[in-house]
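Residues per chain, in single letters:
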Amino acid sequence: MGVLEKAIWYLELNVGRPMTLAELAKLCSVSPWHLARLFQTNVGLAPMSYLRTRRLAIAAEALASGDQEILPIALDAGYSSHEAFTRAFASCFGVLPSTVRQTRTTSQLTLMEPWTMHKDMIVDLAAPKMRERGAFRVIGLSTRCTFETNAVIPRLWGDFNPRCGDIPSPVGKAAYGVCCDMEADGHFRYVAGLESTSTRVPEGFDFVDIPASRYAVFEHVGHLSDFNKTVYTIWNKALPDAGLEPAKTPDFELYDERFHPKTGDGVVEIWIPIAR
């Protein structure tokens with residue numbers, strides 16, 4: 001059983017009791033950061049967000065049965081009061097719990113079912129090459145997003161490409177897409193830019209300093225439309241299968257002369273820092 005499947009199993013088994021990210025990560029024998037990143041990449045939610053949404057889905061089914069009052073259902077879902085449960089329920093589904101109880105149906109609600117691995121997302125990947133790389137800086141444009149809202153990233157590249165000539169003291173011609181500052185709720189900062197030796201960051205630009213590290217380097221070969229499948233496979237299968245634990249430092253995509261930005265075809269390297 002993979003790390004993600006094990007985490008889902010534990011969450012579903014303990015859906016009715018309190019659980020923290022640290023506790024879940026310990027059960028899965030990985031770091032909380034690794035588990036949060038794995039969850040976001042594959043499920044599109046942070047682990048605790050998934051758990052809250054599943055609890056609300058189960059609560060909705062209980063409300064529709066009409067056999068219980070709202071407060072016991074709220075307590076079973078992990079909420080300490082009728083009011084707190086009502087706010088969370090209405091925010092998730094756009095209707096009040098009392099409405100679902102009165103109508104005795106969830107047909108108008110989008111309920112989250114237990115997550116299952118999308119086997120069609122697993123693709124064949126060559127074994128990673130292990131490489132050492134010294135510290136370096138990337139200057140470019142940035143955005144904050146989650147893996148659920150990462151549609152903003154292609155637009156960020158569209159904004160950056162015409163401005164790449166504004167980067168001071170660039171090193172080489174390769175472009176970098178850096179994922180950094182991952183938070184427990186799944187938000188992270190993405191920087192599209194160029195390596196630079198400059199300490200000056202032009203107005204309107206951002207930067208990230210990437211420390212020296214040992215990396216597992218994977219290759220995505222083909223069109224960017226299948227890029228998510230490669231990332232999905234790396235985090236959900238390739239890294240666990242290889243027994244590699246990602247470090248908490250930035251990981252990045254490297255776009256060099258083998259990638260053709262106008263067509264979206266070519267080779268993209270994906271560098272994952274590995275804990276020593």
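Residues numbered from 1 in each chain as written. Predicted model: local features only at pLDDT ≥ 70, side-chain atom pairs only at ≥ 80, totals over all residues. Heavy atoms only, no water.

## Focus: the overall build of the chain
Thinking step 1. Within the chain one finds nine helices and nine strands.
Thinking step 2. Dimensions along the principal axes, computed over C-alpha positions, put the chain at roughly 65 × 40 × 30 Å.
Thinking step 3. With 276 residues in all, the chain has 51% of them scored as buried.
Thinking step 4. Contacts spanning at least 24 positions in sequence make up 73% of the contacts within the chain whose residues lie at least 6 apart.
Thinking step 5. Summed over all atoms, the accessible surface of the chain reaches about 13600 Å², with 53% contributed by carbon and sulfur.
Thinking step 6. In the chain, which carries 28 positive and 32 negative side-chain charges, the distance between the mean positions of the two groups comes to 3 Å. (Helix = DSSP H or I, 4+ residues; strand = E, 2+ residues; numbered from the N terminus. Buried < 20%, exposed > 50% of the residue type's maximum accessible area, 1.4 Å probe, protein only. Contact = heavy atoms within 4.5 Å. Areas by Shrake-Rupley, 256 points an atom, 1.4 Å probe, with all protein chains shown as cover. Lys, Arg positive; Asp, Glu negative; His and termini not counted. Charge placed at Lys NZ, Arg CZ, Asp CG, Glu CD.)

## A look at the pattern of salt bridges
Thinking step 1. Taken as a whole and judged by the stated rule, the model has 14 salt bridges.
Thinking step 2. The partner of Asp166 in a salt bridge is Arg163, and the shortest N-O contact between them spans 3.9 Å.
Thinking step 3. What makes Asp166 partly exposed here is its relative accessible area of 44%.
Thinking step 4. Three or more residues joined by partner-sharing salt bridges are found here, namely Arg131, Glu219, Asp256, Arg258 and Glu269. (Salt bridge = Lys/Arg side-chain N within 4 Å of Asp/Glu carboxyl O.)

## Thoughts on unusual backbone geometry
Thinking step 1. The residue Arg104 is not glycine, and still its phi comes out positive at about 60°.
Thinking step 2. Note on placement: Arg104 falls in the loop between α7 (97–103) and β1 (129–133).
Thinking step 3. Even without being a glycine, Asp181 presents a positive backbone phi close to 55°.
Thinking step 4. Relative to the elements of secondary structure, Asp181 occurs in the loop between β3 (170–180) and β4 (188–196).

## Considerations on the pairing of β3
Thinking step 1. In this structure, β3 lies alongside β4, joined through seven bridges in antiparallel fashion. Residue Ala175 lies in a different strand from β4, and its bridge partner there is Leu194. (Pairing = 2+ DSSP bridges.)

## Points about the environment of Gly222
Thinking step 1. Examined against the element boundaries, Gly222 turns out to sit in strand β6 (residues 213–223).
Thinking step 2. According to the relative accessible area criterion, Gly222 is partly exposed, its value standing at 23%.
Thinking step 3. Linking Gly222 and Val268, residues 46 residues apart in sequence, is a C-alpha distance of 8.7 Å.

## Section: helix α8 (residues 152–160)
Thinking step 1. Those residues of α8 that fall on the buried side of the exposure criterion are Ile153, Leu156, Trp157 and Phe160. Buried residues of α8, seen end-on, are gathered within an arc of 100° and therefore sit on one face of the element. Exposed and facing more than 90 degrees away from the buried side of α8 are Pro154 and Arg155.
Thinking step 2. Contacts from the buried residues of α8 go to β2 (136–145), β3, β4 and β7 (251–255). (Arc of directions from axis to C-beta.)

## Topic: the packing of helix α1 (residues 3–13) against helix α4 (residues 47–65)
Thinking step 1. At a closest axis distance of 11 Å, the pairing of α1 and α4 adopts a crossing angle of 40°. Here α1 is positioned oblique relative to α4, judged by the angle of their axes. Handedness of the crossing formed by α1 with α4: right-handed. Across the interface between the two elements, Ile8, Leu11 and Glu12 of α1 pack against Pro47, Met48, Tyr50, Leu51 and Arg54 of α4. (Axes fitted to C-alpha atoms, helices over the stretch in contact; angles between N-to-C directions. Parallel < 35°, antiparallel > 145°, perpendicular 65-115°, else oblique. Left-handed = near helix turned anticlockwise from the far one by under 90°.)

## Description of the packing of aromatic side chains
Note on aromatic pairs: each is described by the distance of the centres and the angle between the planes.
Thinking step 1. Tallied over the entire structure, the rule returns 15 aromatic pairs.
Thinking step 2. Taking the centre distance of 6.0 Å and the plane angle of 80° together, the rings of Trp157 and Phe160 count as edge-to-face. Pair noted here: Trp157 and Phe160 are both in helix α8, with a separation of three residues, about one helical turn.
Thinking step 3. Centroid distance Phe252 to Trp271: 5.3 Å. Interplanar angle 20°. Geometry classified as stacked. (Phe/Tyr/Trp six-rings, centres within 6.5 Å; stacked < 30°, edge-to-face > 60°.)

## Let's talk about α4
Thinking step 1. With 19 residues, α4 should reach 27 Å at 1.5 Å per residue; the first-to-last C-alpha distance of 28 Å fits that figure.
Thinking step 2. Taking burial as the measure, the 19 residues of α4 include 14 buried ones, the bulk of the element.
Thinking step 3. Downstream of α4 by a residue or two, Gly66 has a phi angle that is positive, lying close to 75°. (Expected span 1.5 Å × (residues − 1).)

## What about the nonpolar core?
Side chains of nonpolar character tend, in soluble globular proteins, to be buried together.
Thinking step 1. Core analysis: the biggest nonpolar cluster contains 57 residues, and Leu24, Leu35, Phe39 and Tyr190 have the highest contact counts within it.
Thinking step 2. In terms of residue count, the dominant contributor to this core is helix α9 (residues 227–242) (seven residues).
Thinking step 3. Excluding anything up to four places from it in sequence, Leu24 contacts Ala7, Tyr10, Leu11, Met19, Leu35, Pro47 and Met48.
Thinking step 4. Ranked by size, the runner-up nonpolar core spans 20 residues in total, among them Tyr79, Ala88, Phe93 and Leu111. (Core = buried A, V, L, I, M, F, W, Y, C linked by side-chain atoms within 4.5 Å.)

The values are spatial; any link to function lies outside them.
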